[in-house]
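A look at the structure
Spelled out from the first residue to the last, the chains are:
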Amino acid sequence: MPPGRQTGPRLWATIAAIAVGLTSGAGAQGPGSSGPSPAQSATSSASTVTTGQSNLYNATGGNGAQATQSSFNGSLVAGKSTGTVIDLSLDDAIARGLRQNLGVILQGSAIQSANGQRMEQLQALLPTITASPSIEVEQVNLAAYGLKISGLKPIVGPFQVVDFRAYLTQSLFNINALQTYIAARHNFAAQKLTADDARDMVVLTVGNAYLLCIADAARITAVDAALKTSKLTYDQAVAAHDAGTSPRLDVLRAQVDYQTEQQTLISTTNQLAKDKIALARVIGLPLDQPFALTDTAPYKALDNLDPVSAFQSALKTRKDLLASAEQVKANEASRKAAIADRYPTASFSGDYGDIGETLGHSHGTFTATGTVSAPILQIEKDRGEQQAADATLEQSKDKLSDAAQQVNADIRSNILDIQSAAKLVEAAKSNVDLATEALSEAQQRFHAGVSDNLPVSQAQSQFEQANDQYISALYQHNVAKLSLARAMGVAQTNLKDYLGGK
């Protein structure tokens, strides 16, 4: 196979690791350059895409969601296949993902659970009323209680007692319960912010899956064009050989090129089908639903990117950072609750009811009790609770500080990726123009009989490589901008400002 020809299902996937600061190793190359062999390209691409996509999805640090990272790659399927091809834009895909993605749905359940815990803790501060109607039939042995009265039978009854009673309890002073409720309230607020952050994660996941499909489609278009060119060169070689003006070697070389393009088209088409399945999985489309991508790879340059101002803005908009801050407040309240466990508490309890032999022979009765209780000796328990609360609080502060620095690092890395990818796009586009001109010149010389078709084969290989690099650079640039929007916490609201497109 001629040097420089890249085959394999994921030719451009080597740049998928850009979310962790990697750039395409190939760079922009002019005519006459050579690339890895097809076997090396396929092995490297298959390995890199597995690691690269994983790094992309984890590029912005832990997000505090109870849903696992893999949850964002799944969804709940909505509806059934229509049996006809539907159009799917990037906006449509993101909207479906925000409704059906498993990560968002699990976060909704987590919010419900946190709200339930908040309400449970609130009840400890509110009055509690219960009712207890009862009807009893009793027979009492007075002698068992030491009552021995002359002339009175020791066995009394049986007799009936009817009692309809309501009970009231109310905490009057309980700092521990109050701080425990405040902690639950902050946990609930943190869970709602985490759910908002999960929506940004969905935009990142769906956007990356859609961009991969766009790159697949662009690759298929390029390979199909190369296939037609190879067929034309093959037909010319056969005609020249039949006319006796070129050797059999030219025919064999052109036939190998043509069949190689056919193989590449098959593998690339298969990869698009697989990536469309992955896209359907994250947005909740039935897997047998055919759809067509309506958006093409957008290109919008981002200039004057300042990492300092971007980081300051992210501190206000990143929902996972705000959720971590709420978690710190929750742990501060839990620490206060641990300290307040040694404080006295005051409560009131009472009951009122009607009691008698029957409803017609009953009378109202009540009791009212005020209670003050205080721990006297539980030194080790108090120390243990406070130490545990202090440790948890310090851990949450440290995690918040680390998460903020991770966001800072992500922003800076993504800005570097955007700047690098923009230069790669310009260089790769120039390479495509040069390779196109070189291929045209080689074809004209072969058709005129000035040279054999070896220069045509080499120029064809360089043209394909230039196209691959352009597609890769464009994908890299778009995913870097998508990752920056996620790092800024505005992927859901301001995606088009970063990504561009229609």
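Residues numbered from 1 in each chain as written. Predicted model: local features only at pLDDT ≥ 70, side-chain atom pairs only at ≥ 80, totals over all residues. Heavy atoms only, no water.

1. Section: the overall build of the protein chain
Looking only at helices and strands, one finds 10 helices and seven strands in the protein chain. Classification of the 502 residues of the protein chain by burial places 42% in the buried group. If you take every contact in the protein chain between residues at least 6 apart in sequence, the share linking residues at least 24 apart comes to 85%. Summing over all exposed atoms, the protein chain offers an accessible surface of approximately 24800 Å²; the carbon and sulfur share of this is 56%. (Helix = DSSP H or I, 4+ residues; strand = E, 2+ residues; numbered from the N terminus. Buried < 20%, exposed > 50% of the residue type's maximum accessible area, 1.4 Å probe, protein only. Contact = heavy atoms within 4.5 Å. Areas by Shrake-Rupley, 256 points an atom, 1.4 Å probe, with all protein chains shown as cover.)

2. Comments concerning the pattern of salt bridges
Taken as a whole and judged by the stated rule, the model has 16 salt bridges. A salt bridge links Arg165 to Asp163; the nearest nitrogen and oxygen atoms lie 3.1 Å apart. A network of salt bridges, in which partner residues are shared, links Asp197, Arg318, Asp320 and Arg486. (Salt bridge = Lys/Arg side-chain N within 4 Å of Asp/Glu carboxyl O.)

3. Things to note about helix 3 (residues 102-123)
In an α-helix, one turn spans 3.6 residues; hence positions three or four apart end up facing the same way. Given a rise of 1.5 Å per residue, 22 residues ought to cover 32 Å, and the 32 Å separating the end C-alpha atoms of helix 3 matches this to within 8%. Taken together, the buried positions of helix 3 are occupied by Gly103, Val104, Gln107, Ala110, Ala114 and Arg118. Down the axis, helix 3 shows its buried residues gathered within 105 degrees of arc, on one side only. Exposed residues lying more than 90 degrees from the buried face of helix 3 are Gln112 and Glu120. (Expected span 1.5 Å × (residues − 1). Arc of directions from axis to C-beta.)

4. Some details on the packing of helix 4 (residues 175-242) against helix 10 (residues 491-499)
Any two packed helices are characterised by how steeply their axes cross, that is the angle between the axes, and by the distance between the axes. Interaxial distance between helix 4 and helix 10 falls to 10 Å at its minimum, and their mutual angle equals 35 degrees. Side by side, helix 4 and helix 10 meet where Asp196, Arg199, Asp200 and Val203 of the first sit next to Ala491, Gln492 and Leu495 of the second. In terms of residue class, the contact of helix 4 with helix 10 is built from three nonpolar, one polar and three charged. (Axes fitted to C-alpha atoms, helices over the stretch in contact; angles between N-to-C directions. Nonpolar A, V, L, I, M, F, W, Y, C, P; charged D, E, K, R; others polar.)

5. A closer look at the confidence of the model for the protein chain
Per-chain confidence: the protein chain averages 82 in pLDDT, with 86% of residues scoring 70 or above. Below a pLDDT of 50 lies the segment residues 1-66, which in the model reaches 146 contacts outside its immediate sequence neighbourhood of four places, other chains included. (pLDDT = per-residue confidence, 0-100.)

6. A closer look at the nonpolar core
Nonpolar side chains in soluble globular proteins tend to be buried together. Counting residues in hydrophobic clusters, the biggest one holds 58 residues, and the most contacted among them are Leu88, Val206, Leu279, Ile283 and Ile411. Of all the elements in the fold, those that place two or more residues in this core are strand 1 (86-88), helix 2 (90-100), helix 4, helix 5 (248-283), helix 6 (307-317), helix 8 (379-447), helix 9 (454-488) and helix 10. Counting residues per element, this core draws most heavily on helix 4, at 17 residues. Not counting chain neighbours up to four residues away, the residues in contact with Ile283 comprise Ser75, Leu88, Ala93, Arg96, Gly97, Gln100 and Val206. Ranked by size, the runner-up nonpolar core spans 13 residues in total, among them Val251, Ala435, Ala442 and Phe463. (Core = buried A, V, L, I, M, F, W, Y, C linked by side-chain atoms within 4.5 Å.)

7. Overview of the packing of aromatic side chains
In this structure the tally under the stated criterion is one aromatic pair. Taking 6.1 Å as the distance between ring centres and 5 degrees as the angle between the ring planes, the aromatic pair formed by Tyr234 and Tyr258 counts as stacked. Of the two residues, Tyr234 sits in helix 4 while Tyr258 sits in helix 5, which places them 24 residues apart along the sequence. By relative accessible area, which is 17% here, Tyr258 ends up buried. In this arrangement the basic side chain of Lys276 is found over the ring face of Phe291, its NZ or CZ atom lying 4.7 Å from the centre. A cation over an aromatic ring shows up here: Lys481 above the ring of Tyr299, its NZ or CZ 5.9 Å from the ring centre. (Phe/Tyr/Trp six-rings, centres within 6.5 Å; stacked < 30°, edge-to-face > 60°. Lys NZ or Arg CZ within 6 Å of the ring centre and 35° of its normal.)

8. Some words on unusual backbone geometry
Between Gly157 and Pro158 the backbone carries a cis peptide bond, its omega angle lying at 5 degrees. With respect to the helices, strands and loops of the structure, Pro158 is situated in strand 4 (residues 155-173).

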